[in-house]
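Residue-level listing of the chains:
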Amino acid sequence: MPNLLPTLQQLSHPQLLEGALEVVGRLRREGHEALFAGGAARDALLGRTVSDIDVATSARPEQVESLFEETHAVGKSFGVILVLLAGHQYEVATFRKESDYQDGRHPARVTFTDARRDAQRRDFTVNALFLDPSSGAVLDFVGGQKDLKAGLLRTVGEPSERFAEDRLRLIRAVRFAAQLGFQIEEKTWGEVCARADELLQVSWERIRDELIKILTGPAPDLGLRLLLKSGILRAILPEVADLDGVPQPPEFHPEGDVFTHTCLMFSLAQKPLDPALALAVLLHDVGKPPTFSVRERIRFDGHAELGALMAARIGRQLRLSSEQNEEVVDLVRNHLRFIHVQEMRESTLKRFLRK
């Protein structure tokens, strides 16, 4: 079994790891079991940068609170306490089993348990790994290491049960597949497609956050294609799904239809994208389907202006802040002006570039 601590030291910020080890150390000195959980073990095994470290423990939430000076009870009823230490935040969660999901997102009953049962309630096998910070050994109760090696995203247990518990996992499956460059296991993928419409049972704020993570991730074009293919894009943003199959004048767009063009924009963009810019890229041609016409050639007259109106409505639906929504709308409205930069007076160009 590999010792992941040297790898973790190379892949994470020294203070991040130092603080995480202190969290675990304090818990263990009080007689509690404590392990690094989820993404830290996954990303270390994949050789990816570790940007946060979560801790899973046998300590109850009130016991965690008593051990640290600065905490926030972000999900105390679910066993989750946020610990602030050494300039970093650590999510410290009590090993738990969840049941009686009633709203497609949150469990009505939480039972504190052990690491093995905690792994079995998690979403995907690659996210259900634990790392013992003392030995550097990986604890794998669900076959996550095997799926990591195969490049597969698979639910823990039956996909129908995992997605029925929490509909947000539908879009999270797409996010992890795009971020990790993994294939979604066949049975898991079938369930994502069959349940795509059920994502609408989740709050728009949570959908927005997952969508932005996809669009600002390392492979937004792949994520966007998976969203379309699964039916999720049609469910949450039908205006964007409508881009698929809309032809463009080949003399200006040899790459193909409007959806292909949008994916190409993402593939060519410098990563990571700012969230507002990513949303503007997604929506910049959303006005093309309703303005499509054929005269001397295919035309989309007024699509930028109509697209700005559509983007404003979509931004409100996604619960963007007023400031962020205005920025996205402004980018959509003005995206065609880049065509004319060589014709602009210097003062006009400077104002445009500052904007």
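Residues numbered from 1 in each chain as written. Predicted model: local features only at pLDDT ≥ 70, side-chain atom pairs only at ≥ 80, totals over all residues. Heavy atoms only, no water.

**Notes on the overall build of the protein**
Looking only at helices and strands, the protein has 19 helices and 13 strands in total. Of the contacts formed within the protein by residues at least 6 apart in sequence, a portion of 62% connects residues at least 24 apart. When the accessible surface of the protein is summed, it comes to about 17,000 Å², and 48% of that surface belongs to carbon and sulfur atoms. Here the protein holds 46 positive side-chain charges and 51 negative ones, and the gap between their average locations is 1 Å. (Helix = DSSP H or I, 4+ residues; strand = E, 2+ residues; numbered from the N terminus. Contact = heavy atoms within 4.5 Å. Areas by Shrake-Rupley, 256 points an atom, 1.4 Å probe, with all protein chains shown as cover. Lys, Arg positive; Asp, Glu negative; His and termini not counted. Charge placed at Lys NZ, Arg CZ, Asp CG, Glu CD.)

**Section: the packing of helix α10 (residues 204-215) against helix α15 (residues 275-283)**
Axis angle and axis distance: for two packed helices, these are the angle between their axes and the distance between the axes, and together they describe the pair. As a packed pair, α10 and α15 sit with axes 9 Å apart at the nearest point and diverge in direction by 85°. Comparing the axis directions of α10 and α15 gives the class roughly perpendicular. The residues of α15 that touch α10, namely those facing Leu 211, Ile 212 and Leu 215, are Pro 275, Ala 278, Leu 279 and Leu 282. In terms of residue class, the contact of α10 with α15 is made up of seven nonpolar, no polar and no charged. (Axes fitted to C-alpha atoms, helices over the stretch in contact; angles between N-to-C directions. Parallel < 35°, antiparallel > 145°, perpendicular 65-115°, else oblique. Nonpolar A, V, L, I, M, F, W, Y, C, P; charged D, E, K, R; others polar.)

**Describing the nonpolar core**
Counting residues in each nonpolar core, the largest one holds 93 residues, and the members touching the most others are Val 23, Phe 36, Leu 199, Ile 232, Ile 236 and Leu 282. Ranked by the residues each element gives to this core, the list is headed by helix α8 (residues 168-180), at eight residues. The residues contacting Ile 236, other than those within four sequence positions of it, are Ile 171, Leu 199, Leu 200, Trp 204, Ile 207 and Gln 317. The next biggest cluster of nonpolar side chains, apart from the first, holds nine residues, and it includes Leu 35, Phe 95, Ala 115 and Ala 128. (Core = buried A, V, L, I, M, F, W, Y, C linked by side-chain atoms within 4.5 Å. Buried < 20%, exposed > 50% of the residue type's maximum accessible area, 1.4 Å probe, protein only.)

**What about a negative patch on the surface?**
Negative charge collects at one region of the surface, where Asp 274, Glu 323, Glu 326 and Glu 327 lie side by side. As for its placement among the helices and strands, Asp 274 is situated in the loop between α14 (258-268) and α15. Looking at Asp 274, the relative accessible area reads 42%, which means it is partly exposed. (Patch = residues over 30% accessible without salt bridge, like charges linked within 9 Å, V, L, I, M, F, W, Y side chains within 5 Å. Salt bridge = Lys/Arg side-chain N within 4 Å of Asp/Glu carboxyl O.)

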